[in-house]
Amino acid sequence: RIKWVSPNLVAGGYFAKDDALLRIDDRDYRSAVARGQAALTRAHAEEELARYELARMEELVKNKLTSQSSRETVLRNYRIAKATLQDAKLALEQAKRDLWRTEIRAPYDGLVRNERVDIGQYITRGQSIASVYASDSIEVRLPVADRQLAYLNIPLGYRGEITKEQRSMVL
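All residue numbers here refer to positions counted from 1 along the written sequence of the relevant chain. Where totals are concerned, whole chains, interfaces and linings use all residues; where local detail is concerned, this predicted model gives features only for residues with pLDDT of at least 70, and gives and counts side-chain atom pairs only at 80 or more. Excluding hydrogens and water, the side-chain values take into account all heavy atoms of the structure.

As a further point, take the layout of surface pockets. Rolled over the atoms, a probe with the dimensions of a water molecule shows which regions are left empty. Note on definitions: the grid is 1 Å and covers protein atoms alone; a cavity is a set of points where a 1.4 Å probe fits but cannot get out; a pocket is an open set with protein on both sides within 12 Å along at least five of seven lines; lining residues have an atom within 4 Å of a point. Grid points are joined across faces, edges and corners, and a volume is the space filled by probe spheres set on the points. The volume enclosed by the largest pocket comes to roughly 790 Å³. Together, 15 residues line the largest pocket, and Val140, Leu142, Leu152, Ile162 and Val170 are the ones closest to its centre. Its boundaries defined by the atoms lining it, the second largest pocket holds a volume of some 550 Å³. Contributing to the lining of the second largest pocket are 18 residues, with Ile24, Tyr29, Arg101, Thr102 and Arg125 lying nearest its centre. Secondary structure elements are taken from DSSP: a helix is a run of H or I of four residues or more, a strand is a run of E of two residues or more, and numbering for both begins at the N terminus. Top element by residues in the lining of the second largest pocket is strand S4 (residues 103-105). It accounts for three residues. In terms of residue class, the lining of the second largest pocket is made up of six nonpolar, four polar and eight charged. Ten residue types, Ala, Val, Leu, Ile, Met, Phe, Trp, Tyr, Cys and Pro, are classed as nonpolar, four, Asp, Glu, Lys and Arg, as charged, and the remainder, Gly among them, as polar.

Okay, structure coming up:
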């Protein structure tokens, strides 16, 4: 759900690079980050306990005070705890990325052609919210009559994009 729209996100509005254009409700995403941090803390503790237990079991096996199958069970538990820790780290990274994506920022300086959203509206992934274009350069297509091509100094029979050295100066 959209909770804030920049006053510049209107047809004809100007925005600078990295300006926030839109924010969606981020409460669920903040909760996911907090849950991810808690899961990571728990996974760290479980991995640490499994590592200590494995070291203890290695010592017992070395002194022939326990069976090899007990060591293998503890080793399996350690590997599971290690995998759980890695999974928790990745889940937290994903939750942080999702939270970061609740704010849409301008990737460049530009202008808004049109916008299709308003505060309170629900949006989904991939939904078009506005049409924007960069304002740092503009390409203008100018039709030129055949008889006027001589004024542009274009090499005869040339196809494709003209290199900078061969381009005519345009004012």
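Moving on from the model shown.
Bringing the sheet that holds strand S6 (residues 130-134) into the picture now. Whenever strands of a sheet pair, they do so through backbone hydrogen bonds, lying parallel or antiparallel. Strand pairing is defined by DSSP finding a minimum of two bridges between the two strands. If you walk across this open sheet you meet the three strands as S2-S5-S6, and the pairing is antiparallel. Single-partner strands in this sheet number two, and they are strand S2 (14-15) and S6. Across five bridges, strand S5 (residues 110-115) lies against S6 in antiparallel orientation. Opposite Leu111, over in S6, you have Tyr133 as the bridge partner.

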